[in-house]
Amino acid sequence: MSRLLPFFAFLALVALFGFGIWWNTQHDQREVPSPLIGRAAPEFRLPVLDDPSRTVAKADLLGKPYLLNVFGSWCFACGEEHPVLMAQGKALGVKLVGYNYKDEPAAAKGWLAEHGNPYDLVIADVEGRTAIDFGVYGAPETFLVDGKGVIRYKRIGPLTPDVIERELKPALAAIAKEAP
Amino acid sequence: MIPELGQLALILAMLLALVQGVVPVVGAWRGNSALMSLARPMAAGQFVFVALAMGILVHAFLTFDFSVGYVAANSNLALPWYYRITAVWGAHEGSMLLWVFILNAWTLALTIFSRQLPEAFAARVLGVMGFIGLGFLAFIVFTSNPFLRELPMQPDGADLNPVLQDPGMTFHPPVLYMGYVGFSVAFAFSIAALLGGELEQAWVRWARPWTNVAWAFLSAGIVAGSWWAYAELGWGGWWFWDPVENASFMPWLVGAALVHAQAITEKRGSLRSWTILLSLFAFSLSLLGTFLVRSGVLTSVHSFASDPRRGLYILGFLVVVIGGSLLLYAVRAPKVAGGRAFAVVSRETAVLIGNLLLTTAAAMVLLGTLFPLLGDALNLGKVSVGPPYFGFLFNLLMLPVVLLLPFGPYLRWGKGDIGVLKPVALRAGLAAIVCAVIAFLFVDAKLKAIAGVAGAVWACVGTLLYVIKRWREMPRGRRFPAEMAGMLLAHFGVGIFVAGVMLSESLSIERDVRMEPGKIVQLGSYDFRFDGVRETSGPNWRGDEGVVTVMKDGALVANLHPQKRTYTRGQVQTESAIDAGIFRDIYVALGEPMDAGNREGAWALRLYQKPFIRWIWLGGLFMMLGGFVAAGERRFRTQKTRSEAGATVAEPAA
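Just so it is clear, the structure is predicted and the values come from calculations on it, not from any experiment. (Residues numbered from 1 in each chain as written. Chains lettered and ligands numbered in written order. Predicted model: local features only at pLDDT ≥ 70, side-chain atom pairs only at ≥ 80, totals over all residues.)

Let's shift gears to the overall build of chain A. Across its full length, chain A carries six helices and seven strands. Starting at the N terminus and walking to the C terminus, you meet the elements of chain A as α-β-β-α-β-α-β-α-β-α-β-β-α. Taking 2.2 N^0.38 as the reference for a compact globule, 180 residues should give roughly 16 Å; the C-alpha atoms of chain A span a radius of gyration of 20 Å, well beyond that estimate. By residue count, 32% of the 180 residues in chain A fall in the buried class. In chain A, the proportion of contacts linking residues at least 24 apart, taken out of those at least 6 apart, comes to 72%. (Helix = DSSP H or I, 4+ residues; strand = E, 2+ residues; numbered from the N terminus. Rg over C-alpha atoms; globule rule 2.2 N^0.38 Å. Buried ≥ 20, exposed ≤ 12 C-beta atoms within 10 Å, placed from the backbone. Contact = placed C-beta atoms within 7 Å.)

Bringing the overall build of chain B into the picture now. Each helix and strand in chain B was counted, giving 18 helices and ten strands. Relative to the 2.2 N^0.38 estimate, which gives 26 Å for 654 residues, the radius of gyration of chain B is 26 Å and therefore close to what a compact globule would have. Its C-alpha atoms put chain B at 80 × 70 × 55 Å along the principal axes. For chain B, buried positions account for 52% of its 654 residues. Across chain B, the fraction of contacts at a sequence separation of at least 24, relative to all contacts at a separation of at least 6, is 75%.

Domain boundaries assigned for chain B yield domain 1 (1–155), domain 2 (166–335 + 345–404), domain 3 (413–508 + 615–620) and domain 4 (509–612). Using C-alpha coordinates to define each centre, domain 1 of chain B is positioned 44 Å away from domain 3 of chain B. (Domains from an automatic or database assignment.)

Residue and element names in this part refer to chain B. Of all residues in chain B, 92% attain a pLDDT of 70 or more, and the chain-wide mean is 85. Low confidence marks residues 300–306, where pLDDT is under 50. Its contacts with residues over four positions away, or in another chain, come to 16 contacts. Counting contacts from residues 640–654, a segment whose pLDDT is below 50, to residues more than four positions away or on other chains yields 30 contacts. For this predicted complex, the interface confidence comes out at an ipTM of 0.74, alongside a pTM of 0.79. (pLDDT = per-residue confidence, 0-100.)

All names here are of chain B. What the four strands build is an open sheet, ordered β1-β10-β9-β8; its pairing is antiparallel. A strand with exactly one partner marks an edge of an open sheet, and here the two such strands are β1 (509–515) and β8 (577–579). Going from strand to strand, the sheet's axes swing by 20 degrees on average, the running direction of each strand aside. Looking at chain direction, strand β9 (residues 584–593) and strand β10 (residues 603–611) are connected through eight bridges and run antiparallel. If you follow Val-588 over to β10, its bridge partner there is Leu-607. (Pairing = 2+ DSSP bridges. Axes fitted to C-alpha atoms, helices over the stretch in contact; angles between N-to-C directions.)

Residues and elements named next belong to chain B. Running from amino to carboxyl end, helix α8 (residues 167–196) crosses helix α10 (residues 243–268) at an angle of 45 degrees, the nearest separation of the two axes being 11 Å. By the angle between their axes, α8 is oblique relative to α10. For the pair α8 and α10, the crossing hand works out as left-handed. Contact residues: Leu-176, Tyr-180, Phe-183 and Ala-186 in α8; Ser-248, Pro-251, Gly-255 and Leu-258 in α10. (Parallel < 35°, antiparallel > 145°, perpendicular 65-115°, else oblique. Left-handed = near helix turned anticlockwise from the far one by under 90°.)

Formed by 193 residues in total, the largest nonpolar core has its most connected members in B:Val100, B:Val125, B:Val185, B:Ala186, B:Phe189, B:Leu253 and B:Val254. Element by element, the count of residues in this core is highest for helix α9 (residues 203–233) of chain B, at 19 residues. Those residues within four positions of B:Val185 in sequence are excluded, and the remaining contacts are B:Trp106, B:Leu110, B:Ala207, B:Trp210 and B:Ala214. Membership of the second largest hydrophobic core comes to 30 residues, among which are A:Ala41, A:Tyr66, A:Cys78 and A:Leu96. (Core = buried A, V, L, I, M, F, W, Y, C linked by C-beta atoms within 7 Å.)

Attention shifts here to the environment of B:Tyr329. Here B:Tyr329 is to be found in helix α12 (residues 308–332). Under the C-beta neighbour-count criterion, B:Tyr329 is labelled buried, with 21 such atoms within 10 Å.

This part takes up helix α4 (residues 105–115) of chain A. One full turn of an α-helix is made of 3.6 residues, so residues set three or four places apart face in the same direction. Residue and element names in this part refer to chain A. Buried within α4 we find Ala-108, Trp-111 and Leu-112. Projection of α4 onto a plane perpendicular to its axis shows the buried side chains occupying an angular sector of 95 degrees, all on one side. Opposite the packed face of α4, turned more than 90 degrees from it, sit the exposed residues Ala-106, Gly-110, Ala-113 and Glu-114. Just downstream of α4, Gly-116 is the residue with a positive phi angle, here 100 degrees. (Arc of directions from axis to C-beta.)

Our focus in this paragraph is the pairing of strand β5 (residues 555–560) of chain B. It is a general feature of regular strands that their side chains alternate between the two faces of the sheet. Residue and element names in this part refer to chain B. Where strand β4 (residues 541–552) lies against β5, five bridges are found, and the strand directions are antiparallel. Residue pairing for β5: Met-551 is matched across the bridge by Leu-556. Adjacent in sequence and paired antiparallel, β4 and β5 are bridged by two residues, among which Asp-553 carries a positive phi angle near 50 degrees.

This paragraph deals with the environment of B:Val498. Along the chain, B:Val498 turns up in helix α17 (residues 482–507). Non-local contacts of B:Val498, meaning those with residues more than four positions away in its chain, are made with B:Val402, B:Gly452, B:Gly455, B:Ala456 and B:Ala459.

A few words now on the pairing of β4(B). Residues and elements named next belong to chain B. By the bridge criterion, ten bridges tie strand β3 (residues 526–538) to β4 in an arrangement that is antiparallel. Within the sheet, the bridge partner assigned to Ser-537 lies in β4 and is Arg-542. Counting the residues that bridge the hairpin from β3 to β4 gives two residues. Pairing of β4 with strand β6 (residues 563–567), which is carried by five bridges, proceeds in the antiparallel orientation. The residue bridging Gly-543 from the neighbouring strand is Arg-565, located in β6.

The next subject is the sheet that holds strand β7 (residues 151–156) of chain A. Residue and element names in this part refer to chain A. The sheet built from five strands is open, its strands ordered β5-β4-β3-β6-β7 with mixed pairing. Lying at the two open borders of the sheet, with one neighbouring strand each, are β5 (121–125) and β7. Neighbouring strand axes in the sheet, compared pairwise and without regard to direction, differ in orientation by 20 degrees on average. In this structure, strand β3 (residues 66–71) lies alongside strand β6 (residues 141–145), joined through five bridges in antiparallel fashion. By the bridge assignment, Leu-68 is partnered in β6 with Phe-143. Lying over the sheet, helix α6 (residues 161–178) contacts β6 and β7, oriented at roughly 170 degrees with respect to β7.

Let us look at the environment of B:Leu421. All names here are of chain B. With respect to the secondary-structure elements, Leu-421 resides in helix α15 (residues 421–443). Separated by 40 residues in sequence, Leu-421 and Val-461 have C-alpha atoms that sit 13 Å apart. Residue contacts for Leu-421: discarding those within four places in its chain leaves Phe-407 and Tyr-410.

Now for the packing of helix α3 (residues 39–62) of chain B against helix α6 (residues 92–113) of chain B. Residue and element names in this part refer to chain B. The N-to-C vectors of α3 and α6 enclose an angle of 145 degrees; their axes lie 9 Å apart at closest approach. Crossing handedness for the pair α3 and α6: left-handed. Between α3, through Arg-40, Ala-43, Ala-44, Gln-46, Phe-47, Val-50, Ala-51, Ala-53, Met-54 and Leu-57, and α6, the contact on the second element is made entirely by Gly-94, Leu-97, Val-100, Phe-101, Asn-104, Ala-105, Thr-107, Leu-108 and Thr-111. Taken together, the residues of the contact of α3 with α6 break down into 13 nonpolar, five polar and one charged. (Nonpolar A, V, L, I, M, F, W, Y, C, P; charged D, E, K, R; others polar.)

Bringing unusual backbone geometry into the picture now. A positive phi angle, near 45 degrees, is found at A:Lys102, a position not held by glycine. Judged by local crowding, A:Lys102 falls into the partly exposed class, with 18 C-beta atoms found within 10 Å. Backbone geometry places B:Leu271, a non-glycine residue, at a positive phi of 60 degrees. Tracing the backbone shows B:Leu271 in the loop between α10 and α11 (272–295).

Listed below in structure tokens is the structure:
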């Protein structure tokens, strides 16, 4: 019996590798699952980019799902993502909130003026303090928050038509189904 | 047309491998000499056709045949000819071809040097080699064809990964594969012995030189890889516990255990099952390494190629080869513990302890390497253990190895006398303490450095004491047979390696500095003056080259020119500048300009002073040399094929 031990140990390894191959076909290698998914979005209160005297808090956005898109005028990949948001943002059927991250307000405004503004609302986190609560790695990142204020989906890196189709739309549909 | 011939050659080689893998084994089973005699011509034919395919791929690279997808993806018009040749194994398809080519070279060597083996045994060994060749050739033909056309033809190709455009990379993969693939010989011998049953006890003697050579090549390959990472990656590190490095290190550890276990089994007849199991493990880990690198199961800095279909194929192949061989082991491994008994205090016990530590270390590396995968499987999230885990456990396991190392040779086979160890321990220990105290005067309270000096002196002096003992007590000509000399060289290498690792890790100084032209920064006892950056270019890159003058007490030590190259396709690669020395390396890497627009201004530079780092590779080279020298043992070449294992005169210890 003990002679079969190496064989069984090897079978366990094979099972693990088989799982690994399957897992890799299902998952993007760069995807780091956010521990925040399924949890309430952190509390925040941030000034509006166009009118810093006005602030928006998490509570103000409750009730309907919204997409929080982290961007910066300094961020190269955001430039790639931007045309996608311009083309498809409105069609998603949710409020699109721009989260301007570690950016000069003037530069951000200029950037949006030049490339177009896909957002319904843009809030500014100049210092990047609140972003820490969100676990932002860098820009661009996108969070889908439902009407109860729970993070349902997160994307690290730019949204592409493919990602929107494969990941974001199913997540949106799941929220829509729950809504009474 | 020519590339299609290459593909045809591979298909023919695959068919020959099929014949070689099946017919001689059936012949050995049936006792049919005609069938068995097919093994050698098939092996030779396979070698010819695979060599032809290699030649055709080289030709395609040299003649810029960008209609071949693999050539277009890995070279371009500006790539110099020598890197176009190494580009042959610069990516997945070609490196698999190299794998098979080297397997064929080993098989060819076997056909030449196996004439004195019993007919049936040789037929089985060559059959197993053919079967392995079949697996890899089918893999290439069906999933990884390097000759695949890509039409319309590109006017110019992409580029060879610039990380690979380095002299170290020209011979790192071939040498590493020589080692990896070389363990297939020990594997084939074990399988043949299992198939043949108890009759073939002498197989271990026949297998020993092959195992030693394979292990020596693997040592050389790992040293080359480590050196390449050091010189090329620009981080000043020499080992990263990266999955791909681990993939080569695990077979090395098990191979080191195997080299020792084979010695026991050959001379004393004991531990036969363990030796067979280790042979199976060594090659299984080589295959596993290929799987890990090629399947994309684990991602690492060097996974250059990955594709789930290929992963599934290799996994299936692993199941057949490793699973099959372990099952065969379970059924056929020697049932009775054979060989001569040994006491608790004996050379066997010493070797066995070393064996267990080495295999445990390999298992530890395997576990650490697979940990991220386990994390996914058990839903723990993305986890990886990283260098602290490896560094801590590996040192813990290697500490007793280094402590026991000098004692092995002094103990007799069978029953040793612990008394003979006392003077050795006393002298080597005294030397270690004295040197540790001297080291303390130089380095202060850096415990790791002092421990390194003590460990290295302990291992080296212990080994040298044995050299002196042999010199005094044995008659001329019998003092240092090749096997003994190889062992001593390798053990001495361990000491040097320990010194290199511990001293360079504890005494290295590094600084990230901002330097304006003309600025002088002091690091350790050296002054570094930065004289700005100039433009430079090579055959297929343009770059910035920093001018750094290193001085000590006002005297010039070295002019260093670290580069930051931009290759034809826009990939950026640092090229660190190193002033090498036995006792220290000075290492400078060029970072970025502090102000992107102003190349005349300040730059970020990384300066290192790395004492004794070269000893790491020197130790590895000693171990390699030991492997090669031991393989030259005369006893392995004599014709006593039928002698009982253990019947030879045991190595006298006094």
